[in-house]
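An overview of the molecular structure
What follows is each chain in one-letter form.
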Amino acid sequence: MAARCSIAFMIMASCLSVVVSGGLPGDLFALSVASKLRVDRNSTARASSDFGRIVAAAPEAVLHPATPAEIAELVRFSASSPSPFPVAPRGQGHSARGQSLAPGGVVVDMRALASRRGRVNVSAGAAPYVDAGGEQLWADVLRATLEHGLAPRVWTDYLRITVAGTLSNAGIGGQAFRHGPQIANVLELDVITGTGDMVTCSRDKDSDLFFAVLGGLGQFGIITRARIGLMPAPKRVRWVRLAYSDVATFTKDQELLISKRASEAGFDYVEGQVQLNRTLTEGPKSTPFFSSSDIGRLAGLASKSVSGVIYVIEGTMYYNESTSTTMDQVYNYDPFVFNRYHVKVLLLSMASKEIMDILLMINVLVSLQKLESILGQLSFEEGFVFTKDVRYVQFLDRVREEERVLRSIGMWDVPHPWLNLFVPRSRILDFDAGVFKGVFAGANPVGVILMYPMNTNMWDDCMMAVASDDDVFYAVGLLRSAAVIGDVERLEKENEAVLAFCHNEDIGCKQYLPYYTSQDGWQRHFGAKWSRVADLKAKYDPHRILSPGQRIFSSPASMVVVSM
């Protein structure tokens, strides 16, 4: 373990860049928030890098606010200073390219707000919602809403990240095909603008700020509260993975699944993964989902493929432990002939727990019947169906178990040169041929490759997040880790080759969690939205204080990079 940690530290030290800058105005420390500022080396060092561990940028100070008003005071001071300094909110620091850093400025430790009571409040009325502080982890939001039998509609795959962090990007996951990204499910926001104003906004009030902040990459304001719509939470999940050796069949089936309405028999969650042969043969021998024998079978399937690539659809069906409608449905389930009178007599003779066990079994049977109906419409490899039945919260928090495993072997705190793309449906097969069977031919990535479709009409174009012009587009996540020294350079070159392929072949990709080193790149990214981005930046952050780590408006002089 010690050796692995040493390797991880050497990787980080060899791959980081350091941003140097000047000091802060001396009268900053005369403000009432001065006691909440930390300038010691330990504090600034913790705020100098992020999950990606590719870039490091040292702030001059870290603010640990007790209230949003203290953040506003800091921002107002910077905005009125002769030499405004950058301010960047930081939740879990889960960005990959230094997006949450503030070189030479102040990082706001948003998690300090989490210690205050009342930062997650659930309204369980006719149109339920939750008010959550921007610093709150989605895991904590889930815990609070489940106490009322409710939950947000859309989740990211990892729940140990903050509400404001995902809403500043979009917040995508396997439910987005039906409900849109997380930003499409926000009803109201509290925002601190780049001038230090505290504004409550919504679709009907200060709507330009509301739409700008959602997916706005932190450029227009700091989210301190979000009101998010809720739905009744299911109790259990039928979790299924289906294997494919042909990409055209894989994508056809995925697109069929996301075309189904909520009223039809279909999945409530749809994602997908790409598995390379070497990943299966040289990677972990088992996972929290797949047993060692499962992985052996998948490796055998990959070895028979000409390209050595296989694809896996991941889907779920939600259900509850007991409902009156499922009881009615099960009477018609052919393998089990139920008589209403016999069932009534049987239940009356049982204890409460036995009744619940029977009802749960019935619901499991009904969910299996629905699953059988769905599977009959798909064309996966015969016999390659893998299922689990788990609690709803267990499914949503599934990455937590993988995190524990990676931490135990020293593979969590290593560089993550991730690349996330939105690929139009019309070019996804070209992308597959050029990247998975081209750039990645023979590769052995440590990490996960995601590939799943979403419906463009579920995205609100008023928001700043950029999706696709096609009616369907694919989220492709190359979520790879640098396991040993030298991996970062190799993985970065492969990422560059992927982007070069997309550019040369005019694939029409857009980056998600984007990172560009020039304003030209950002202008191409936002496309027709760029003029609106620039106008709203001038209105709400005229001094370009907020979130300089994105490098959208920062000049080269303010981001001096010195290689180590």
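Before reading further, recall that the structure is shown in the block above.
Residues numbered from 1 in each chain as written. Predicted model: local features only at pLDDT ≥ 70, side-chain atom pairs only at ≥ 80, totals over all residues. Heavy atoms only, no water.

1. Describing the overall build of the protein
- Helices and strands together make up the secondary structure of the protein, namely 19 helices and 21 strands.
- Out of the 564 residues in the protein, the part that is buried amounts to 55%.
- In the protein, once contacts between residues fewer than 6 apart in sequence are set aside, the share between residues at least 24 apart is 76%.
- Total accessible area computed for the protein in this model is approximately 23,700 Å², and 53% of it derives from carbon and sulfur atoms. (Helix = DSSP H or I, 4+ residues; strand = E, 2+ residues; numbered from the N terminus. Buried < 20%, exposed > 50% of the residue type's maximum accessible area, 1.4 Å probe, protein only. Contact = heavy atoms within 4.5 Å. Areas by Shrake-Rupley, 256 points an atom, 1.4 Å probe, with all protein chains shown as cover.)

2. So, the packing of aromatic side chains
- This structure, assessed with the given rule, holds 25 aromatic pairs.
- Both rings, one in tyrosine 318 and one in tyrosine 392, keep their centres 5.3 Å apart while their planes meet at 80 degrees; by these two values the pair is edge-to-face. A residue pair is termed long-range when its members are at least 10 positions apart, and tyrosine 318 in strand 15 (residues 309–319) and tyrosine 392 in helix 14 (residues 392–396) qualify at 74 residues.
- For tyrosine 318, a relative accessible area of 18% corresponds to the buried category.
- On the basis of relative accessible area, tyrosine 392 is assigned to the buried category, the value being 2%.
- Here a set of aromatic residues connected by ring pairs shows up, and it is made of Trp239, Tyr269, Phe289, Phe290, Phe384, Phe386 and Phe395.
- Just above the ring of tyrosine 515 sits the side chain of arginine 97; from NZ or CZ to the centre is 5.8 Å.
- When the ring centre of phenylalanine 395 is taken as reference, the NZ or CZ atom of arginine 398 above it lies at 4.3 Å. (Phe/Tyr/Trp six-rings, centres within 6.5 Å; stacked < 30°, edge-to-face > 60°. Lys NZ or Arg CZ within 6 Å of the ring centre and 35° of its normal.)

3. A short note on the sheet that holds strand 6 (residues 106–109)
- Read from one edge of the open sheet, 4 strands run 2-4-6-5, paired in mixed fashion. Every other strand in the sheet has two partners, leaving strand 2 (37–38) and strand 5 (87–90) as the edge strands with one partner each.
- Across 4 bridges, the pairing between strand 5 and strand 6 is parallel. Residue valine 87 lies in a different strand from strand 6, and its bridge partner there is valine 106. (Pairing = 2+ DSSP bridges.)

4. Some points on helix 3 (residues 68–80)
- Counted at 1.5 Å a residue, the expected span for helix 3 with its 13 residues is 18 Å, and the 19 Å between its end C-alpha atoms agrees.
- Counting buried positions along helix 3 yields 10 of 13 residues, so the element is predominantly enclosed.
- Every buried residue of helix 3 is accounted for by Pro68, Glu70, Ile71, Ala72, Glu73, Leu74, Val75, Phe77, Ser78 and Ala79. (Expected span 1.5 Å × (residues − 1).)

5. Some words on the packing of helix 16 (residues 428–439) against helix 17 (residues 487–504)
- At a minimum axis distance of 11 Å, the contact between helix 16 and helix 17 shows a crossing angle of 150 degrees. Relative to helix 17, the element helix 16 is oriented roughly antiparallel. When you trace helix 16 past helix 17, the crossing you get is right-handed. Residues Asp430, Phe431, Gly434, Val435 and Val439 of helix 16 form the contact with helix 17, whose own contacting residues are Glu494, Ala497, Val498, Phe501 and Cys502.
- Of the residues belonging to the contact of helix 16 with helix 17, the class tally is 7 nonpolar, 1 polar and 2 charged. (Axes fitted to C-alpha atoms, helices over the stretch in contact; angles between N-to-C directions. Parallel < 35°, antiparallel > 145°, perpendicular 65-115°, else oblique. Left-handed = near helix turned anticlockwise from the far one by under 90°. Nonpolar A, V, L, I, M, F, W, Y, C, P; charged D, E, K, R; others polar.)

6. With respect to unusual backbone geometry
- Within the chain, aspartate 206 stands out as a residue other than glycine whose phi angle is a positive 50 degrees.
- Along the chain, aspartate 206 falls in the loop between strand 11 (198–202) and helix 7 (207–213).
- Look at aspartate 206 and you get partly exposed, because its relative accessible area is 38%.

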